[in-house]
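# Structural characterization, general
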Amino acid sequence: MTARTREAGPQGLASALVEAGALHAAWLPAFTAVPRDVFTPDRIWPGIAAGTQQNSLVDRATDPDGWVAAVYSDIPLTTQWDDGSHQGDGLGTMPSSSLSQPSMVFSMLADLDVKQGHRVLKIGTGSGWNAGLLTHRVGPGNLVTVEYDAQVAEGAVGNLRKAGLSPLVVVADGRAGFTDRAPYDRVIATCSVTEVPAAWIEQTVPGGVIVAPWAPLYGGEAIMRLMVADDGGTASGHFTRSSAFMRLRQQRGDFPPNEAYFHGMQWPGNGTRSTSRLSPVDGGGWLEQFVIGLRVRDVFWRTEQYDDGSYTLWTHSMDTTSWASADYLPGAEEFEIVQSGPRALWDETETAYRWWTDQGRPGFHRFGLTITPDGQQAWLDDPATSWTI
C-alpha cells in the first residue's frame, strides 16, 4: 500500500494516507500531535515506496525544501548505514536504521488494534516516531520501546522529549523483550525476524496481539499478526501484507561462501547435470521467494551476474552439504541445472513453486504462522494444514 503526497507537508501526507486507507480516524490525533519532521535527522537518504532502492543524500542544511518534501512523502527514509560506521554523503553498504514508510507504519498500527490504556512493547525504536505515535495513543507510562543501538536510542530520546513524550526507552537486545513491565497487551516490532523470540509471546497476555515483519531464510517478507493463546506459550495468525524491513541485528544471515560447498573440488564437483523448463526468474519475485522459503527449509540463494544479461542462481543449504545451480539465459526455454549433495535443492525449489501454482498462486494474506515452544509452523488458509519450517 502506498500513498502519493499531494503537497509537501503534514496535511498533504495525511490526506494521501487517508485516501489510501492507511490512516484511520482513530490515529489522526496522534499523526497531528507527533510530527514526522521532529523525528527526522537533518541528513537522510530517501527510499522508494514499495521497493528497496535508495536515493542520494538529502541534507536539510543545503536543501531544506527537498528535506521537507522527503519527510512528508510516503517513503521510507534511511537514517543510518552500516550500524553507524558509514559517515560519508554517499550510500553505505547496508541500511541499518530508518523511518519506515508512513503507509506501512499506520497499516501495522491498524493491525495492532491498540487502545487507550493498553500496555505496549515496541521492538526497534529507531528515531522514535512510531514510539511517539503509540505513546500518544495509549497514554503516558504504557509504552516500552527497546533499541539495540545506544546511539540511535539516545537520538530517539531527544526527539521524543522535543515532542513532549516520555516513554521508557531501553537499550537492550530486543529478542528478550522487557520483563520489568510485562505482561503486555500488544507487542510490535519494526525490524524483521526469521524466528519469533519466545519472550515476545511469554510477555504478552493471552488474547494479546503481536505484529512484526517476518521472513523465511530464503527471502520475501510479510507482516505477521499473531494472537497469543490461553497457554501463554503459543501464538498463531495470518500474514496481512508484504513488507521490507531491516533485519533484527542478531538474526542477520551469516551465509557460507560458495567455495565452502565444493570441499576442495573443482566445478562442477560431484554435481549431477539436468535441465528444467522452470526459469530461475520465475521464483525471483518477493511473493515467490516467500513461498519457496516457507516450503524449503534452511536454504538461501545468491546470484552470479554476467555481462550478457545471463546469470547463475545458486541455492545452498546452510549446513554446506548441498547446493544447486540454475543458469538463466535470456530467451531460453530450458535451463541447465547442476545439483550436489544429499538434498536435490533445485528439485525442492521447483516442487515448492509448482505447489504454489497448483494452489492458485495464493497471496501473502492466505498464509499464516503458528509459534509453539517446539518451533514454527506455516500454513495456508487453515492452521490444520501446517508444516514445520
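This text gives an overview of the structure that appears in the document. Residue numbers run consecutively from 1 along every chain, following the written order of its sequence. The predicted origin of the model limits local features to residues at a pLDDT of at least 70 and limits the giving and counting of side-chain atom pairs to 80 or more, whereas totals for whole chains, interfaces and linings rest on all residues. Hydrogens and water molecules were not included; the side-chain quantities draw on all heavy atoms of the structure.

So, on to the pattern of salt bridges. It is possible for side chains bearing opposite charge to pair when their charged atoms get close. The salt bridge criterion pairs a side-chain nitrogen of Lys or Arg with a carboxyl oxygen of Asp or Glu, the two atoms within 4 Å. One pass over the full model with this rule turns up 16 salt bridges. The salt bridge partner of R252 is D83, with a shortest N-O separation of 2.8 Å. Of this pair, R252 sits in the loop between β11 (235-242) and β12 (272-276) while D83 is found in the loop between β3 (77-81) and β4 (95-99), placing the two residues 169 residues apart along the sequence. Buried, partly exposed and exposed residues are distinguished by accessible area as a fraction of the type maximum, computed with a 1.4 Å probe on protein chains only: under 20%, between the cut-offs, and over 50%, respectively. For R252, a relative accessible area of 26% corresponds to the partly exposed category. Here D111 makes a salt bridge to R241, at a shortest N to O gap of 2.4 Å. Linking D111 in helix α4 (residues 102-112) with R241 in strand β11, this pair joins segments that are 130 residues apart in sequence. The exposure class assigned to D111 is buried, which follows from its relative accessible area of 11%. Under the relative-accessibility criterion, R241 is labelled partly exposed at 21%. Among the ionic contacts, a cluster of salt bridges with common partners joins D83, D149, R249 and R252. For the purposes of this entry, the term helix denotes a DSSP run of H or I that reaches at least four residues, the term strand denotes a run of E that reaches at least two, and both are numbered from the N terminus.

Taken in spatial order, the five strands of this open sheet run β12-β16-β15-β14-β13, and their pairing is antiparallel. The two strands at the open ends of the sheet, each matched to only one other strand, are β12 and β13 (299-305). In this sheet, neighbouring strand axes are inclined to one another by 20° on average, regardless of whether the strands run parallel or antiparallel. Here, a strand pair is defined by DSSP locating no fewer than two bridges between the strands. Where strand β14 (residues 311-317) lies against strand β15 (residues 323-328), six bridges are found, and the strand directions are antiparallel. When the bridges of β15 are listed, H316 appears paired with W323. In this description, contact between two residues means that some pair of their heavy atoms is separated by no more than 4.5 Å. Axis definition: a line fitted to C-alpha atoms, limited for helices to the stretch in contact. Angles are taken between N-to-C directions and run from 0 to 180 degrees. The strands that helix α9 (residues 345-358) touches are β12, β13, β14, β15 and β16 (335-340); relative to β14, the one it contacts most, it runs at about 100°.

Only residues whose relative accessible area exceeds 30% and that take part in no salt bridge are eligible for patches, with like-charged residues grouped when within 9 Å of each other and nonpolar side chains (Val, Leu, Ile, Met, Phe, Trp, Tyr) grouped when within 5 Å. Methods summary: accessible areas were calculated by the Shrake-Rupley approach with a probe of 1.4 Å, and residue burial reflects only the protein chains presented. Among the surface-exposed residues, L217, F255 and M318 lie close enough to one another that they form a single nonpolar patch of about 210 Å² accessible area. Inspection of the secondary structure puts L217 in the loop between β9 (204-214) and β10 (222-228). Given the relative accessible area of 30%, L217 is considered partly exposed.

If you trace the four strands from one edge of the open sheet to the other, you get β2-β1-β3-β4, paired in antiparallel fashion. The open sheet terminates on both sides in strands that have one partner only, identified here as β2 (58-59) and β4. Sheet topology note: the strand β1 (residues 43-46)/β3 ladder contains two bridges and is antiparallel. Across the sheet, residue W45 finds its bridge partner in β3, namely T78. Relative to β1, helix α3 (residues 64-71) is tilted by about 55°, and along the sheet it contacts β1, β2 and β3.

Throughout, nonpolar core names a set of buried Ala, Val, Leu, Ile, Met, Phe, Trp, Tyr and Cys residues whose side chains join them through atoms within 4.5 Å. Counting residues in hydrophobic clusters, the biggest one holds 54 residues, and the most contacted among them are V196, W200, W214, M224, F367 and L369. A per-element tally of this core places α9 first, with six residues. Sequence-distant contacts of W200, that is, excluding residues within four places in its chain, are made with I123, G174, R175, G177, V187, A189, V193, I210 and A212.

Leftover empty space is mapped by rolling, across the atoms, a probe with the size of a water molecule. Lining residues are defined by having an atom within 4 Å of a point belonging to a cavity or pocket. Those points lie on a 1 Å grid over the protein atoms alone, cavities being sets where a 1.4 Å probe fits but cannot get out and pockets being open sets with protein on both sides within 12 Å along at least five of seven lines. Grid points are joined across faces, edges and corners, and a volume is the space filled by probe spheres set on the points. Reported here for the second largest pocket is a volume of approximately 460 Å³. Taken together, 19 residues make up the lining of the second largest pocket; nearest its centre are P41, R43, T79, Q80 and Q151. At the level of secondary structure, the elements contributing two or more residues to the lining of the second largest pocket comprise β1, β3 and α6 (150-162). Throughout this entry, Asp, Glu, Lys and Arg are counted as charged residues, while Ala, Val, Leu, Ile, Met, Phe, Trp, Tyr, Cys and Pro are counted as nonpolar. The remaining residues, Gly among them, count as polar. Of the residues assigned to the lining of the second largest pocket, the class counts are six nonpolar, twelve polar and one charged.

Looking now at the environment of A33. Summarising the element assignment, A33 is placed in helix α2 (residues 28-33). C-alpha separation for the pair A33 and L133, spaced 100 residues apart in sequence, amounts to 8.2 Å.

As a further point, take the packing of aromatic side chains. Classification of ring pairs uses Phe, Tyr and Trp, with its six-membered ring standing for Trp, and accepts pairs whose centres are within 6.5 Å; under 30 degrees between planes counts as stacked, over 60 as edge-to-face, and the remaining range as tilted. Using the criterion set out here, one finds 21 aromatic pairs in the structure. Measuring from centroid to centroid gives 5.1 Å for F239 and F290, while their planes differ by 90°, and the two rings are edge-to-face. Of this pair, F239 sits in strand β11 while F290 is found in helix α8 (residues 286-295), placing the two residues 51 residues apart along the sequence. Measuring from ring centre to ring centre gives 6.2 Å for F262 and W314, while their planes differ by 80°; the resulting arrangement is edge-to-face. One end of the pair, F262, is in the loop between β11 and β12; the other, W314, is in strand β14, and 52 residues separate them in sequence. On the accessibility criterion, F262 (11% relative accessible area) is buried. Judged by its relative accessible area of 8%, W314 is buried. Linked through ring pairs, W214, F239, F290, W355, F364, F367 and W387 together constitute an aromatic cluster.

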